[in-house]
There are 4 protein chains.
Amino acid sequence: MSSELGKNIRVTVFGQSHSRAIGCTVDGLPAGIEFDLEELGAFLQRRAPGGTMPSTKRTEADIPEFLCGVLPGKDGKTLVTCGAPLTAIIYNKDARSSDYSQISDVPRPSHADFAARVAYGGFEDIRGGGHFSGRLTAPLCIIGGILKQELRRRGIAAGTHIRSIGKIEDIPFDPVNINAEALGKLERSGRPTLDPEAWEDMKTLIENCRRELDSVGGVIECAIAGLEPGLGSPMTGSVESRLSSAVFAIPAVKGIEFGSGFAGSSRLGSENNDGFRVSSDGMIVTEKNDHGGILGGITSGMPVIFRTAFKPTPSIAKKQESISYSEMKNRTLEIKGRHDPCVVPRALPVIEAVSAITVFDLLLDHKKHI
Amino acid sequence: MSSELGKNIRVTVFGQSHSRAIGCTVDGLPAGIEFDLEELGAFLQRRAPGGTMPSTKRTEADIPEFLCGVLPGKDGKTLVTCGAPLTAIIYNKDARSSDYSQISDVPRPSHADFAARVAYGGFEDIRGGGHFSGRLTAPLCIIGGILKQELRRRGIAAGTHIRSIGKIEDIPFDPVNINAEALGKLERSGRPTLDPEAWEDMKTLIENCRRELDSVGGVIECAIAGLEPGLGSPMTGSVESRLSSAVFAIPAVKGIEFGSGFAGSSRLGSENNDGFRVSSDGMIVTEKNDHGGILGGITSGMPVIFRTAFKPTPSIAKKQESISYSEMKNRTLEIKGRHDPCVVPRALPVIEAVSAITVFDLLLDHKKHI
Amino acid sequence: MSSELGKNIRVTVFGQSHSRAIGCTVDGLPAGIEFDLEELGAFLQRRAPGGTMPSTKRTEADIPEFLCGVLPGKDGKTLVTCGAPLTAIIYNKDARSSDYSQISDVPRPSHADFAARVAYGGFEDIRGGGHFSGRLTAPLCIIGGILKQELRRRGIAAGTHIRSIGKIEDIPFDPVNINAEALGKLERSGRPTLDPEAWEDMKTLIENCRRELDSVGGVIECAIAGLEPGLGSPMTGSVESRLSSAVFAIPAVKGIEFGSGFAGSSRLGSENNDGFRVSSDGMIVTEKNDHGGILGGITSGMPVIFRTAFKPTPSIAKKQESISYSEMKNRTLEIKGRHDPCVVPRALPVIEAVSAITVFDLLLDHKKHI
Amino acid sequence: MSSELGKNIRVTVFGQSHSRAIGCTVDGLPAGIEFDLEELGAFLQRRAPGGTMPSTKRTEADIPEFLCGVLPGKDGKTLVTCGAPLTAIIYNKDARSSDYSQISDVPRPSHADFAARVAYGGFEDIRGGGHFSGRLTAPLCIIGGILKQELRRRGIAAGTHIRSIGKIEDIPFDPVNINAEALGKLERSGRPTLDPEAWEDMKTLIENCRRELDSVGGVIECAIAGLEPGLGSPMTGSVESRLSSAVFAIPAVKGIEFGSGFAGSSRLGSENNDGFRVSSDGMIVTEKNDHGGILGGITSGMPVIFRTAFKPTPSIAKKQESISYSEMKNRTLEIKGRHDPCVVPRALPVIEAVSAITVFDLLLDHKKHI
């Protein structure tokens, strides 16, 4: 299926940018998962435009409505899953459909418009990118935010920072010592980088892009701390296969690497290999973590580290080259409307959400020995 | 499932490095696919050690035996699928189990040994890496090689070259003009690079690594030419999700990027966007191909381009740091036996194989409009 | 997953009897399927209580709201799928939760209460049977009703009649000559039997059951006419495996048989075998249809015929034996509230709906030969 | 997929009646399952022709060869799963292909020949029924026999008897008191009925059918004892959906019913409902078991009881009506070769095998509450 994530739980994301509502249906969710609505709202707010992030001005009040799958918690501030499929929706409100009328004949460069038209035979919903819209990451954050709370209860945290925007780089996570506490602190700081100056530079760059009707891409680094060793499987059951499949479900992602990744591929084995050590508290660890917490597709107990490349937002207001379907000839295009010059800051919680979904799904795998 | 690829066809890879046999079972394969056994043998030979590639000396006669799922073709040189599940096996012969006795107590750095032991509770087959062995890519090449022949009949080619080994780089594919003919010519040349000198330098580097009991990683670039636009789907049905899930099933892969990938993430939208053009023969194309042939998860009709990062082979004969399970303390390890200082040259057909499997699987998706 | 149907399209049914809403999310649906809302409403009405069927008095206004996955059709009376996942919901309105308070301590005989409590650890929604309620068949009828319209456009009809209620029997379908036209006529007649007198007798029986605070079961016979030969596959891909898996998703179903079914199992091969004939219009047919239109799991081109056994509704108002969890001892139970003495008449469209879903799913299977 | 069973473990059955080998590949099997080869052989022998069962004379030495997925057990008499996919094969030996030459032009009545020809476009293997042959139930018995041993270790037994052949009936299982001990005793008795006289009568009937070149069908009743309550899920995750999907993978099965099944559908709720009781040892039970151990798709803790209808073997030597493809006209057919006049006695272990596979798969479901 196209819009499903997960093997043990199955998250189906539905909706179009301008449909009546967007949302997710989650089957297979264990009963008894309690989540705080205020905390979920704060998590969703990180994805919303505005707030601390310099982003598109379009306002979204992404308050999810839970149609089923939950019962009220004890104090009225939480909900508890009841084991039936959970469906949560967000109504689409502030959408100016007229902004997008032009693209029915002229596909936007590097958008899904053309490919979708061929695939869906012209029946697709083109308004606002339809089901291809970045807005569809909101439902991922609903279920991801719920599972993030459950993972924290189990001592597991998925956290992110912006590794780079354009050519501006943040300092990387310490792949050995990053832990749930540090990730929580970073999230609460409201700053999406480890280095405060990098964030100031990034904001300036994004603001410049907005002014020049351009956009810019970036890289998000994610660390998942607190995972026990032994999760995952070889081959397509690997943590890498499952995480990458989920991460590429996010619009604009064009690359993923684990541990030392592409850089490690230019090294010698003697440089890149992670020797084992018995730690002071009697655990089997490695001194460095070039393997990114995954060996043979299975968690090693070291933090899982991966980086995701986001292309620059294709929606830019600059004049661009395209074609007209009706005339079948070249023509230029100027896209009107509000555009987000850089999706990377808003994509941090989305990466955390798909990580939380995938990790929770891994935890539900049946035991690999009797 | 762990060892399955594909959605419409389902390839299950089975076997351990030292089990009686390895192989694959393929369910859902359409009847009537005819394949040439000699051509399949030549394809498998590219993955085998020796030949043109400087690799481990262990000899494998990887001649598959087809147990079912096929009937003889007209002239005795081909087999034709009959629609029943296909199972092909390769018997394991030349395996010196004694080489691996040590690792039952001392896990090899950056190998799956430790993670597998936790996951499988000590019941796992540790001989030669068990089910985690690179040898398990041979069955992928059987079905991949069969489907490659079928794809060629449909004008589709998946071809590869070594983009880099260590810090030695080949020139990249021309992402716009690469086509099935050029890819076929490259494959028949027997040289795994576009630049002959790069290959000479790479061979020297690999030979040096062998001599110094070390290893080295690299990057493989793959181009899939001849794809119609409209294949794939948004989200986890995306070409990226499906290809990445399959590619990370290959041991030693730690990264994947499509089109301009990580490099593109540092660019402006105005640089990275691919404007559309009407070509001289009336097709909708783009002048460059930073999107790597995939927009919104769906093929655009431009060549699909992706690069895969392979870590240096973790099996090196140099003295390394590890631990002893029985003593639960640090100790050093010297791995004996033959080791491949660089898997990258042998991995080219494996990348082509999983590409062929994934592309054929995409072609079998049900039509996305009535 | 638990609440999913289909392989090529995936229908997830969500909701509980007393949750805010119930509904379905359908992924993989081709774009361009147009359906008439009035006709869909009429189909859903057949499942609703009241109308021609003697059933529970609780009124449901099951008007689905389409949240996404559709665009308006040309004349405002139809909707057209756009290829994005479709989600349709029905808000729960007229539910008297107080009716069900007792069962939290005393499980209702032959209901899911006890099994669900063990499975979901007490976190389950017990109001009105929660996710186990027969009300969850309404979302099946939404997507089933949509696909029934699409199948009719392709000359395929799934129709049903009540084969028996209690010991009152209707005459069976003619398994050879039943066709789409006859099935359409039967549906439009508003009578759920072939024999008008049988229906009168059944209604009397149901009314008697209601009066005596009891319930009664029955058998529904379904015919699927207009199917081409060659659909389905051997083993679990068989039409029988796929239909039975879907049919047992309906609450109260306890048996299914195809063609001559259980009766055929007491026959000789020479009686039960269906010889082939060339028909007057040059088709390969059989003179009788004891195989129920399925040979080797694959359609033969003859009508698919199957019968489904529904147990008597377990909700009866008579005094029954049960236990108290809190006291862990035997006690009697009198269930209050409105109960449907026989679900069979309302289950006809549900059987048609899961048939339509399964048949449409079969039609989307990839071609089994090149 | 067509030839796969299971959700948490995935059993793919491969092979054709006359291919080089048949077998199964099982992915997802936990490591550490130890099984006795002699006991497995005895189980497979129950399916083999000859022995205590009056059946076709064709001799099969169905000794499976384990290609991978296992390591030797301690004493050389057992094998232990190692967590890698298990593949076991049986080579096809005693097959007279010439027996089947005729059917390439004249399809056998009530066989898969015609449907398969349409589905596979003439590329299918017609020798001996190809992948549709009852011989393909042998691989099901390999993995089913392995899991049966593992289930016994956990106190769970799946046992069968012939409920009827033709019109001769055995006494039914006591659905309340049947237990693992009684089922084991019945299996060891070597007699496939509870009533010895019924078996004598059945053997006579089968012998008569053989003499008259005819065949006969029957019903198998299966009991699964020792299951904890709470296994399974509502809707398609139900025990009924999963068991029925697996059971209809067996050739010749045309019906299945659980508990009181079709008979129960003619009863009143007050007759059919199973009131709960606290047993003398403090368990929640029911006094009778018309629900067949499944409520709301979930096990109740009572024995799971189901009956499966087998049609008479379509292979009979009597002259029958068919058609010729090449001439497209009616003609008669006399099938030569050895035929099994009744598959029911040999099908008992097959029903037990798919039950064991399905139950083991259910046990691997992730926990439905935290």
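Residues numbered from 1 in each chain as written. Chains lettered and ligands numbered in written order. Predicted model: local features only at pLDDT ≥ 70, side-chain atom pairs only at ≥ 80, totals over all residues.

A closer look at the packing of helix H1 (residues 37-47) of chain D against helix H3 (residues 137-153) of chain D
All names here are of chain D.
And then number 1: Relative orientation of the contacting elements H1 and H3 amounts to 140°, with a least axis distance of 9 Å. One finds that H1 runs oblique with respect to H3. Considering how the two elements wind past one another, H1 and H3 form a crossing that is right-handed. Contacts between H1 and H3 involve Glu39, Leu40, Phe43, Leu44 and Arg47 on the former and, on the latter, Thr137, Ala138, Cys141, Ile142, Gly145, Ile146, Lys148 and Gln149.
And then number 2: A breakdown of the residues in the contact of H1 with H3 according to their chemical character gives seven nonpolar, three polar and three charged. (Axes fitted to C-alpha atoms, helices over the stretch in contact; angles between N-to-C directions. Helix = DSSP H or I, 4+ residues; strand = E, 2+ residues; numbered from the N terminus. Parallel < 35°, antiparallel > 145°, perpendicular 65-115°, else oblique. Left-handed = near helix turned anticlockwise from the far one by under 90°. Contact = placed C-beta atoms within 7 Å. Nonpolar A, V, L, I, M, F, W, Y, C, P; charged D, E, K, R; others polar.)

Some points on the relation of the copies chain D and chain C
And then number 1: At an RMSD of 0.0 Å, chain D and chain C line up after a rotation of 180° and a shift of 0.0 Å along the axis. Considering both components of the superposition, the chain copies are consistent with a two-fold axis.
And then number 2: The residues that chain D uses at the interface reappear at the interface of chain C in 100% of cases, marking a shared surface. (Least-squares fit on C-alpha atoms with pLDDT ≥ 70 in both.)

Some details on the sheet that holds strand S1 (residues 4-5) of chain A
Residues and elements named next belong to chain A.
And then number 1: As summarised here, the arrangement of the five strands in space is S1-S2-S3-S8-S5, forming an open sheet in which the pairing is antiparallel. Only two strands of the sheet have a single partner each, and these edge strands are S1 and strand S5 (65-68).
And then number 2: One ladder, built from two bridges, connects S1 with strand S2 (residues 10-14); its direction is antiparallel. Residue pairing in the sheet places Leu5 in a bridge with Val11 of S2. (Pairing = 2+ DSSP bridges.)

Examining the relation of the copies chain D and chain B
And then number 1: Expressed as a screw transformation, the operator carrying chain D onto chain B has a rotation angle of 180° and an axial translation of 0.0 Å, and the superposed copies differ by an RMSD of 0.0 Å.
And then number 2: Of all interface residues in chain D, 100% are interface residues in chain B too; the two copies therefore contact each other through one and the same surface.

Thoughts on the confidence of the model for chain A
And then number 1: Taken over all residues, the pLDDT of chain A has a mean of 94, while the share at 70 or more is 94%.
And then number 2: Taken over the whole predicted complex, pTM reads 0.97, whereas the ipTM for its chain interfaces reads 0.96. (pLDDT = per-residue confidence, 0-100.)

Quick look at the interface of chain D and chain C
And then number 1: Every contact between the two is made by 94 residues of chain D and, on the other side, 94 residues of chain C.
And then number 2: At six residues, the largest contribution of residues to the side of chain D that touches chain C is made by helix H2 (residues 113-120) of chain D.
And then number 3: Residue classes in the side of chain D that touches chain C are distributed as 39 nonpolar, 41 polar and 14 charged.
And then number 4: Where strand S12 (residues 253-258) of chain C meets strand S12 (residues 253-258) of chain D, three bridges bridge the pair, whose relative direction is antiparallel. When the bridges of S12(D) are listed, Glu257(C) appears paired with Gly255(D).

Comments concerning the packing of helix H6 (residues 239-247) of chain D against helix H9 (residues 344-363) of chain D
All names here are of chain D.
And then number 1: Across the interface, H6 lies against H9 with an axial gap of 9 Å and an inter-helix angle of 145°. Crossing angle aside, the handedness with which H6 passes H9 is right-handed. Residues Val239, Arg242, Leu243, Ala246 and Val247 of H6 pack against Val354, Ser355, Ile357, Thr358 and Leu362 of H9.
And then number 2: Taken together, the residues of the contact of H6 with H9 sort by class into seven nonpolar, two polar and one charged.

Focus on the pairing of S12(C)
Successive residues of a regular strand alternate their side chains across the two faces of the sheet.
Residues and elements named next belong to chain C.
And then number 1: Counting buried positions over the six residues of S12 gives six, a clear majority of the element.
And then number 2: Relative to strand S17 (residues 304-310), S12 is paired through five bridges, and the arrangement is antiparallel. Bridge pairing in S17 places Phe258 opposite Phe306. (Buried ≥ 20, exposed ≤ 12 C-beta atoms within 10 Å, placed from the backbone.)

Describing the nonpolar core
Where a protein is soluble and globular, its nonpolar side chains tend to be buried together.
And then number 1: Membership of the largest hydrophobic core comes to 458 residues, with the highest contact counts inside it found for Val354(A), Val354(B), Val354(C) and Val354(D).
And then number 2: Ignoring sequence-local partners within four residues, the contact set of Val354(A) consists of Leu5(A), Leu140(A), Gly144(A), Ala246(A), Val247(A), Ala249(A) and Ile250(A). (Core = buried A, V, L, I, M, F, W, Y, C linked by C-beta atoms within 7 Å.)

Regarding the interface of chain D and chain B
And then number 1: Contact residues are listed per partner, giving 37 residues for chain D and 37 residues for chain B.
And then number 2: Those elements giving two or more residues to the side of chain D that touches chain B turn out to be strand S2 (10-14), strand S3 (21-27), strand S5 (65-68) and strand S8 (86-91) of chain D.
And then number 3: Of the residues in the side of chain D that touches chain B, the class split is 15 nonpolar, 16 polar and six charged.

What to know about the environment of Arg153(C)
Residues and elements named next belong to chain C.
And then number 1: Tracing the chain through its elements places Arg153 in helix H3 (residues 137-153).
And then number 2: What makes Arg153 exposed here is the crowd of 11 C-beta atoms within 10 Å.
And then number 3: Taking C-alpha positions, Arg153 is 23 Å from Val285, a pair spaced 132 residues apart along the chain.

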